[in-house]
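This is what each chain is made of:
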Amino acid sequence: MIARKTRYGGAFTARICAAALALVLAGCDSETTLHAGLGERQANLVMAALLDAGITCRKTPGEEGTWNVMVMDSKFAAAVNLLESKGLPRREFQGVGEVFKKTGMISSPSEERIRFMDALAQDLSRTIAGIDGVIDARVHVVLPENDPFARNSLPSSAAVAIRSRWDADLSDSIPAIKGLVKNSIEGLAYDKIVVTIFRDSPPAR
């Protein structure tokens, strides 16, 4: 009878030790910074996606009014893969007012032209990235610097690269996207706009 109590007592003690070890190991899971320097809206979008997926996270103040998103070390890889699949955090676009500003008293015509093309491309990219099903968008605008006295001038053109969700079919939206780009750039012909859609692969199951 004494031996039996000792055996049962030993098994019970082993279970207690195992549970305590598990708690200790869980407590050793420290935090790491998933993303830093985000605007508050981007940080909130990132946190919403993580929490919806059951990944615990929190937001901490960063530098110059920005925010950092923190996750546990053990969830870091899952969090990165999840946000990558959702295209988060969104790329920050600069508007015309931010890009198309002078850094000195006088700007050359070439500098003004380059800033103008960059501002157009970023504004269009931001608009297209807001379409449902679009994860990210890049617009490349080419406005040749034609000689007004030349007989033959080169036409303007634009290329749009879109990354879409795996379950989003944007093929029917291509004419509308081309129309948006055409109406945003003076002198741009419809047939000089190319829209290419890259659809994400479905998530692994």
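Residues numbered from 1 in each chain as written. Predicted model: local features only at pLDDT ≥ 70, side-chain atom pairs only at ≥ 80, totals over all residues. Heavy atoms only, no water.

### Comments concerning the packing of aromatic side chains
Under the counting rule described, the total for this entry stands at zero aromatic pairs. Its guanidinium or amino end placed over the ring of Trp 67, Lys 59 lies 4.7 Å from that ring's centre, counting from NZ or CZ. (Phe/Tyr/Trp six-rings, centres within 6.5 Å; stacked < 30°, edge-to-face > 60°. Lys NZ or Arg CZ within 6 Å of the ring centre and 35° of its normal.)

### Brief notes about the packing of helix α2 (residues 40-52) against helix α3 (residues 76-86)
In contact at an axis separation of 10 Å, α2 and α3 are set at 115° when each is read in the N-to-C sense. Of the two possible hands of crossing, α2 and α3 adopt the one that is right-handed. Residue-level contacts link Val 46, Ala 49 and Leu 50 of α2 to Ala 79, Leu 82, Leu 83 and Lys 86 of α3. When grouped by side-chain class, the residues that make up the contact of α2 with α3 number six nonpolar, no polar and one charged. (Axes fitted to C-alpha atoms, helices over the stretch in contact; angles between N-to-C directions. Helix = DSSP H or I, 4+ residues; strand = E, 2+ residues; numbered from the N terminus. Left-handed = near helix turned anticlockwise from the far one by under 90°. Contact = heavy atoms within 4.5 Å. Nonpolar A, V, L, I, M, F, W, Y, C, P; charged D, E, K, R; others polar.)

### Comments concerning the environment of Ala 159
Along the chain, Ala 159 turns up in strand β5 (residues 157-164). Assessed through its relative accessible area of 32%, Ala 159 is described here as partly exposed. Put simply, Ala 159 and Val 142 are 17 residues apart on the chain and 8.6 Å apart in space, counted from C-alpha to C-alpha. Among residues more than four places away in sequence, those in contact with Ala 159 are Arg 138, Val 139, His 140 and Val 194. (Buried < 20%, exposed > 50% of the residue type's maximum accessible area, 1.4 Å probe, protein only.)

### Details of the sheet that holds β5
Read from one edge of the open sheet, three strands run β4-β5-β6, paired in mixed fashion. Here the strands that pair on one side only, and so sit at the sheet edges, are β4 (134-142) and β6 (193-199). Ignoring which end each strand starts from, the neighbouring axes of this sheet average 15° apart. Sheet analysis places β5 next to β6, joined by seven bridges and oriented parallel. Residue pairing for β6: Ala 159 is matched across the bridge by Val 194. Together, β5 and β6 form the strand contacts of helix α6 (residues 174-184), whose direction differs from that of β6 by roughly 135°. (Pairing = 2+ DSSP bridges.)

### Considerations on the pattern of salt bridges
Counted according to the given criterion, the structure contains eight salt bridges. Between Asp 132 and Arg 165 there is a salt bridge whose closest N-O contact spans 3.7 Å. A residue pair is termed long-range when its members are at least 10 positions apart, and Asp 132 in the loop between α5 (109-129) and β4 and Arg 165 in the loop between β5 and α6 qualify at 33 residues. On the basis of relative accessibility, which here comes to 33%, the residue Arg 165 falls in the partly exposed class. (Salt bridge = Lys/Arg side-chain N within 4 Å of Asp/Glu carboxyl O.)

### Thoughts on the nonpolar core
Counting 21 residues, the largest nonpolar core has Ile 128, Val 160, Ile 162, Val 181 and Ile 185 as the members making the most contacts within it. Put simply, the parts of the chain that give this core at least two residues each are α5, β4, β5, α6 and β6. Here this core gets six residues from one element, more than from any other, and that element is α5. Grouped together as the second largest cluster of nonpolar side chains are 15 residues, Ala 43, Val 46, Val 69 and Leu 88 included. (Core = buried A, V, L, I, M, F, W, Y, C linked by side-chain atoms within 4.5 Å.)

### So, unusual backbone geometry
Residue Pro 89 is bonded to the preceding Leu 88 through a cis peptide linkage, with omega at -5°. Of note, Pro 89 is situated in the loop between α3 and α4 (96-99). If you check the backbone angles, Glu 64 has positive phi at about 55° while not being a glycine. A residue is classified by how much of its surface remains accessible, and Glu 64, at 82% relative accessible area, is exposed.

### Describing α3
Ala 79, Leu 82 and Leu 83 are the residues of α3 that are buried. On an axial view of α3, the arc spanned by its buried residues comes to 95°, and they lie on one face. Check the buried side of α3 and you find it contacts β1 (31-38), α2 and β3 (67-72). Positioned one or two residues after α3, Gly 87 has a phi angle of 70°, which is positive. (Arc of directions from axis to C-beta.)

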